[in-house]
Amino acid sequence: MTTIAAAPDAALMSDVRPKSTGLPRVAELAVYLALGTLFGIVLTKAQVVSWFRIQEMFRFQAFHMFGVLGSAVLTAGLSLQLIRRFGTRAMDGSEISIPPKSMGRGTPYWLGGSLFGLGWALVGACPGPLLAVLGSGVTVFLVPIISAMVGTWLYGHLRPRLPH
Amino acid sequence: MQADDVMRVWPWYIAGPLIGLFVPALLLVGNRMFGISSNLRHACAAVLPARAEFFRYDWRRIGGWNLAFAVGILLGGVIVALTTAPGATMQLSAAAHDSMASLGVTDFSGVVPRELFSWSALTTLRGVVMMVGGGLLIGFGTAYAGGCTSGHAISGLADLQLPSLVATLGFFAGGLLGTWVVLPLLLGA
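So, how was this worked out
- Residues numbered from 1 in each chain as written.
- Chains lettered and ligands numbered in written order.
- Predicted model: local features only at pLDDT ≥ 70, side-chain atom pairs only at ≥ 80, totals over all residues.
- Helix = DSSP H or I, 4+ residues; strand = E, 2+ residues; numbered from the N terminus.
- Buried ≥ 20, exposed ≤ 12 C-beta atoms within 10 Å, placed from the backbone.
- Contact = placed C-beta atoms within 7 Å.
- Nonpolar A, V, L, I, M, F, W, Y, C, P; charged D, E, K, R; others polar.
- Expected span 1.5 Å × (residues − 1).
- Core = buried A, V, L, I, M, F, W, Y, C linked by C-beta atoms within 7 Å.
- Axes fitted to C-alpha atoms, helices over the stretch in contact; angles between N-to-C directions.
- Parallel < 35°, antiparallel > 145°, perpendicular 65-115°, else oblique.
- Left-handed = near helix turned anticlockwise from the far one by under 90°.

In this structure, what is going on with the overall build of chain A? I would like to understand it.
When helices and strands are tallied, chain A shows 7 helices and 0 strands. The N-to-C order of helical and strand elements in chain A reads α-α-α-α-α-α-α. For chain A, buried positions account for 52% of its 164 residues. Pairs at least 24 apart in sequence give 56% of the contacts found in chain A among residues at least 6 apart.

Help me understand the interface of chain B and chain A, please; the structure alone is not making it clear to me.
The figure often quoted for interface size is the accessible area lost as the parts come together. Counting residues at the interface gives 112 residues for chain B, matched by 108 residues for chain A. Counting only elements with at least two residues in the side of chain B that touches chain A, the list comes to helix H1 (12-20), helix H2 (22-30), helix H3 (38-47), helix H4 (59-82), helix H5 (94-102), helix H6 (125-145), helix H7 (149-158) and helix H8 (162-187) of chain B. Considered class by class, the residues forming the side of chain B that touches chain A number 77 nonpolar, 32 polar and 3 charged.

Help me understand the environment of Val71 of chain B, please; the structure alone is not making it clear to me.
Within the element layout of this structure, Val71 of chain B appears in helix H4. Once you skip the residues sitting within four places of it in the chain, Val71 of chain B turns out to touch Leu33 and Gly36 of chain A.

How should unusual backbone geometry be read in this particular structure?
Among all residues except glycine, the phi angle is most often negative; among peptide bonds, the trans geometry is most common. Backbone geometry at Gln47 of chain A places phi at a positive 60 degrees, although glycine is not the residue there. Topologically, Gln47 of chain A is positioned in the loop between helix H2 (25-45) and helix H3 (51-58).

It is not clear to me how helix H7 (residues 142-158) of chain A should be interpreted in this structure. Could you clarify?
Residue pairs spaced three or four apart in an α-helix point in one direction, given the helix's 3.6 residues per turn. Its 17 residues give H7 of chain A an end-to-end C-alpha distance of 24 Å, which sits within 8% of 24 Å, the value for a rise of 1.5 Å per residue. Every buried residue belonging to H7 of chain A is among Val143, Pro144, Ile145, Ser147, Ala148, Met149, Gly151, Thr152, Trp153, Tyr155 and Gly156 of chain A, and all of these are buried. Tucked into the core, H7 of chain A has its buried residues touching helix H5 (107-123) and helix H6 (127-135) of chain A together with H3 and H6 of chain B.

For this particular structure, what's the right way to read the nonpolar core?
Considering soluble globular proteins, one finds that nonpolar side chains tend to be buried as a cluster. Formed by 101 residues in total, the largest nonpolar core has its most connected members in Val68 and Val133 of chain A together with Val23 and Ile154 of chain B. Look past the residues within four positions of Val23 of chain B in its chain and what remains in contact with it is Ala76, Ser79 and Leu80 of chain A together with Phe34, Ile154, Ser155 and Ala158 of chain B.

Would you mind showing me how to read the packing of H6 of chain A against H4 of chain B here?
When two helices pack together, their arrangement is captured by the angle between the axes and the distance separating the axes. It is at 7 Å that the axes of H6 of chain A and H4 of chain B come closest, and there the two elements cross at 40 degrees. Relative to H4 of chain B, the element H6 of chain A is oriented oblique. The handedness of the crossing between H6 of chain A and H4 of chain B comes out as right-handed. Residues Gly128, Leu131, Ala132, Val133, Leu134 and Gly135 of chain A of H6 of chain A lie in contact with H4 of chain B, whose contacting residues are Ala70, Ile73, Leu74, Leu75, Gly76, Gly77, Val78 and Ala81 of chain B. Its residues placed into classes, the contact of H6 of chain A with H4 of chain B shows 10 nonpolar, 4 polar and no charged.

Written as structure tokens, this is what we have:
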């Protein structure tokens, strides 16, 4: 990889050890497809995919979104504590490990994060919800989805010149 | 308006914990870390000509599971749409309803305001800024920050990772700027 040790994607790239559910590849993908479908249903039913709800959140005009995010973090955090406490292993028997993110100078997090947040407010959807809105039949959401791909592509090419 | 025309929203105390459970579920199923935005990178690696080192990796092996998860999210949207009365309206707080009306939104049916998000809106500057500009910022920002709402604000915060807290504060700083400054300018309110 590159010499930028503190790059945020170090975690993703260091995470290349073979992993599997122990299932055949097609069955494995079907499991993730099913989980994704459930996730899409929850996101859409809770309306967190809605531009209206995101506006309501950033204007502090309802508790809904804060409740969703807060209780999601709490549930996920408690689950991680339990997994650690009991040394629970993944389905294939491997030890559960979460690659830590390195802070570096922190520029990617506050600068990249702010740029992302601005886009989030304009489009009213983050990456998961973008897909759910398209699935709901709002075909024009192909435009922000493809634009987001282009944005990621631009980052990939500018990366060596950006502060990390 | 009839009661059936309202899109019933799942309460936060049901939806939030369900969303949070995807973190342990993905870890237990295949030792995978919940995070959606990596899919933008995998999709680039898969379909766009990528000379940059950032996209040179085996996207099938590293990202296959997540791309399947992403397709599922889209399917989930389809399933909910098929089981929801078309034209049902959002029930927002009165304050939010008024704020959005003052931005010129009159149609509160569907998950997004059609006045702002339609193919014909793309012929206007504000439509291009919102959909193309917003999309570019989402994709660039999340790749730079190394995660989005799911990877940082949920997985990262749940794992008490400081970088994720910084990123989440950034998400809100940018979101507040977009909501209170950029959108009112764009929508002329």
